[in-house]
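# Descriptive structure summary
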Amino acid sequence: MRTFSDFVKLLLVVALAGSLIAKEPVRGKNGMVVSASSPATKIGVEILKKGGNAVDAAVAVGFALAVSHPAAGNIGGGGFMVFHSSKGENITIDFRETAPEASTRDMFLNEDGSFILSNSTTGGKSVGIPGTVDGLILALEKYGTMSLAEVIQPAIDLAENGFVIGYRLADNINYYNKVFNEFEGSRRVFTVNGNPLPDNHKLIQKDLSETLKLIRDNGRKGFYQGSVAEKIVEQVKKIGGIMSLNDLKNYRSKIRKPVESTFGNMQVVSMPPPSSGGIAVIQSLNALLKNKFKPEDWGSSKYYHTLVEVLRRVYADRSVHLGDPDYYNVPVNSLIKKSYGESLNNKIGYAATDSKDIKATDFNIKESDQTTHYCVADKFGNAVSITYTLNSSFGNRCVVNGAGFLLNNEMDDFSAKPGAPNQYGLVGNEANAVAPGKRMLSSMTPTIVLRDGKPFLMLGGRGGSKIITAVLQVMLNVVVFDMNIQDAVDAPRIHHQWLPDRIDFEERAILNDVRESLLQRGHKLGKKRKIANVEAIMIDENNYFWGAADPRGFGSAEGY
């Protein structure tokens, strides 16, 4: 039962979120799925009901999102999975895209050495080697209980029979109508003879269905070799790319040790490099640990000032030290040490620090808005947190002709030139320079929080560089500010990423007196904008599952 104090806090969050009635999280007793697409969520729940575990359901959802959430759901992109098994194991799978073997360090620079952003976001050279299919199959084979045919068939049926799209998805697709008409495959899928899709259009994707059938019948070879691989390479080369059949054949996902830390009585399990999200969140939590914020401090100038000052330093470290660990000696242990977090906190005073005066720490060692996240938890004690992406919305907007899926433009997540910002304003350095076969740095932050060794929170988000700050704030909303999972997701957010030096914020995130206090401290206020989408699950002490889909998107939570 909620106390009067709880009620007051709830009213505050509701008012700040601009809603008259608080939306309750979705409850389940046996399991929960939260994703950016209702059809995909329902498919995941059906797998759980058939006796599948969280990994079985997650793989089914991953393939289904490729059909029902084309802006980011994919088999043409890549991502990361964090998994806590019922046996108590913490595991991650890195199925991030890689650079083609013909890639060169300066491939996105012109003759005078200048970085041209469009070179890394459009055309064939922007495409990394896709990892999603390999990653999902690897997860299923090692940790699932059902066959590939069983978990992929619902996605095949959805593509073949079609589904009616709502006006929001129609608007999302139609926004890119002009560019979709530039590519034959995109025109076939996302237009009606070149015209925008009408509301309540039934989206049928026969080519994608056939591709999924080849994966069903042949496993990874159905995608990375044979006719689908040939179509990918043909399409990429047609738009100026350098991908080869060997690039596809040789792609392999990697099982990596997660980054882990504690925050109070919680254990945080997240994705290691080449994701920057796990390290950044743990760094931030370590720096915030001794501040002892109370629930009534939420939204205060003191909280926002402290959060921003921490984030400046975390993103500065990200720009220098993080990259593919197979190519660069990432100082993981140094970055996530409790003592280092405390040292960051000790640098925070009353006034704002100018970002130009913040440099990454020297340890003496020689990403799209259109990402999507989903979570699955089952009755057996398994939990999965997956974020995958095409980078930009609809990737580079080119559908592989005859295969029915979009290509990514992940090569933009490399540091094409040290110090030059990518499409999200993120600055990188040598650690994230382009190299053949290398994985590009990411802001994706799939995370699982354990309490007493058992899954408590599963969360992650979409939103490019804003993912890290959004995931961090939702986690703090639950663990520090005592919100339920839906309130935690709904609450307005802020964002700071070191450069550009400004606080971006959502509607009603910063009230007038807080604004004045932040300005007095020397902070610069930036754009009013949406700060990422977060999908999350919380499991309470009575083993009830609570799911929260972010109202900033159009996903759904469903349990049973």
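In this text, all values refer to a predicted model and were calculated from it rather than measured experimentally.

How each quantity is defined
Residues numbered from 1 in each chain as written. Predicted model: local features only at pLDDT ≥ 70, side-chain atom pairs only at ≥ 80, totals over all residues. Heavy atoms only, no water. Helix = DSSP H or I, 4+ residues; strand = E, 2+ residues; numbered from the N terminus. Buried < 20%, exposed > 50% of the residue type's maximum accessible area, 1.4 Å probe, protein only. Areas by Shrake-Rupley, 256 points an atom, 1.4 Å probe, with all protein chains shown as cover. 1 Å grid on protein atoms, 1.4 Å probe; cavity = no way out; pocket = protein on both sides within 12 Å on 5 of 7 lines; lining within 4 Å. Points joined across faces, edges and corners; volume = space filled by probe spheres on them. Nonpolar A, V, L, I, M, F, W, Y, C, P; charged D, E, K, R; others polar. Pairing = 2+ DSSP bridges. Lys, Arg positive; Asp, Glu negative; His and termini not counted. Salt bridge = Lys/Arg side-chain N within 4 Å of Asp/Glu carboxyl O. Polar contact = N/O pair within 3.5 Å; in protein donor to acceptor, adjacent residues only side chain to side chain. Contact = heavy atoms within 4.5 Å. Axes fitted to C-alpha atoms, helices over the stretch in contact; angles between N-to-C directions. pLDDT = per-residue confidence, 0-100. Core = buried A, V, L, I, M, F, W, Y, C linked by side-chain atoms within 4.5 Å. Expected span 1.5 Å × (residues − 1).

For the chain, the count of helices and strands is 20 helices and 19 strands. When burial is assessed residue by residue, the chain has 63% of its 560 residues classed as buried. Carbon and sulfur atoms provide 50% of the accessible area of the chain, an area that totals close to 20,500 Å².

Here we come to empty space enclosed by the protein. A volume near 80 Å³ is recorded for the second largest cavity. Lining of the second largest cavity is provided by 13 residues; of these, Ala66, Gly73, Asn74, Phe405 and Leu406 occupy positions nearest its centre. Across the lining of the second largest cavity, the residue classes break down as eight nonpolar, five polar and no charged.

Next up on the list: the pairing of strand 10 (residues 371-378). Burial analysis of strand 10 places eight of its eight residues in the buried class, which makes it a mostly covered element. Judged by which residues are buried, strand 10 turns out to be covered on both faces: Thr371, His373, Cys375 and Ala377 on one side and Thr372, Tyr374, Val376 and Asp378 on the other are all buried. Judged from the four bridges that link them, strand 2 (residues 31-35) and strand 10 form a sheet pairing that is antiparallel. Counterpart to Val33 in the pairing with strand 10 is Val376. In this structure, strand 10 lies alongside strand 11 (residues 383-389), joined through seven bridges in antiparallel fashion. Note that in strand 11 the partner of Thr371 across the bridge is Thr389. Here strand 10 folds back onto strand 11, and the loop between the two strands holds four residues, one of which, Gly381, carries a positive phi near 105°.

Buried residues dominate strand 12 (residues 447-451), accounting for four of its five residues. Relative to strand 12, strand 9 (residues 266-270) runs antiparallel, the two sharing five bridges. Its bridge partner lying in strand 12, Ser270 is registered against Thr447. Pairing geometry for strand 12 and strand 13 (residues 454-462), over five bridges, is antiparallel.

On to the side chain of Asp247. Position of Asp247 among the secondary structure elements: in helix 13 (residues 245-249). Lacking a salt bridge, the buried Asp247 has Lys237 as its closest oppositely charged neighbour, with an N-O distance of 8.2 Å. Reaching out from Asp247, the side chain makes a polar contact with the backbone nitrogen of Ser244 at a distance of 2.9 Å. Setting aside residues up to four positions removed in sequence, Asp247 forms contacts with Pro100, Glu101, Ile129 and Ile242.

The subject of this paragraph is the sheet that holds strand 7 (residues 254-256). Spatially, the seven strands line up as an open sheet ordered 7-4-3-11-10-2-19, and their pairing is antiparallel. Lying at the two open borders of the sheet, with one neighbouring strand each, are strand 7 and strand 19 (556-559). Strand-to-strand twist of the sheet, defined as the mean angle between neighbouring strand axes without regard to direction, takes the value 15°. Bridge analysis of strand 4 (residues 90-95) against strand 7 gives three bridges, and the strand direction is antiparallel.

As a further point, take the confidence of the model for the chain. Overall, the prediction assigns the chain a mean pLDDT of 93, with 93% of residues at 70 or greater. This model gives residues 1-11 a pLDDT under 50, and the stretch forms nine contacts once residues within four places in sequence are excluded. Scored below 50 in pLDDT, residues 13-20 shows 16 contacts in the model against residues more than four places distant or in partner chains.

With that settled, the discussion passes to the side chain of Asp94. Tracing the chain through its elements places Asp94 in strand 4. Since its relative accessible area comes to 0%, Asp94 is described here as buried. At 2.9 Å, the side chain of Asp94 and the side chain of Arg256 are in polar contact. Each residue touching Asp94, except ones within four places of it in the same chain, is listed here: Gly79, Phe80, Tyr251, Ser253, Lys254, Arg256, Met271, Pro274 and Arg439.

This brings us to the environment of Pro39. With respect to the helices and strands, Pro39 occurs in helix 2 (residues 38-49). Distance in space between the C-alpha atoms of Pro39 and Val55 is 18 Å, their sequence separation being 16 residues. If we ignore the near neighbours within four places in the chain, the residues touching Pro39 are Ser68 and Leu158.

Here the focus is the nonpolar core. Membership of the largest hydrophobic core comes to 84 residues, with the highest contact counts inside it found for Tyr304, Leu457, Met475, Leu476, Ile494 and Ile510. The residues contacting Tyr304, other than those within four sequence positions of it, are Trp298, Gly299, Ile494, Ala509, Ile510, Val514 and Leu518. Ranked by size, the runner-up nonpolar core spans 81 residues in total, among them Val33, Leu138, Phe223 and Cys398.

The sheet built from seven strands is open, its strands ordered 1-18-17-13-12-9-8 with antiparallel pairing. In the strand order of this sheet, the two ends are held by strand 1 (26-28) and strand 8 (259-263), each with one partner. Strand after strand, the sheet turns through a mean of 20° between neighbouring axes, direction not considered. Note that strand 17 (residues 533-539) and strand 18 (residues 545-548) share four bridges and pair antiparallel. Looking across to strand 18, one finds that Ala536 is bridged to Ala548. Contacts from helix 18 (residues 467-479) reach strand 8, strand 9, strand 12, strand 13 and strand 17, with the element oriented near 145° to strand 13.

Since the α-helix packs 3.6 residues into each turn, any two residues three or four apart lie on the same face. With twelve residues, helix 14 (residues 277-288) should cover 16 Å at 1.5 Å per step; its first-to-last C-alpha distance of 16 Å lies within 8% of that length. Most of helix 14 sits out of view: twelve of its twelve residues are buried. All buried positions along helix 14 are accounted for by Gly277, Gly278, Ile279, Ala280, Val281, Ile282, Gln283, Ser284, Leu285, Asn286, Ala287 and Leu288.

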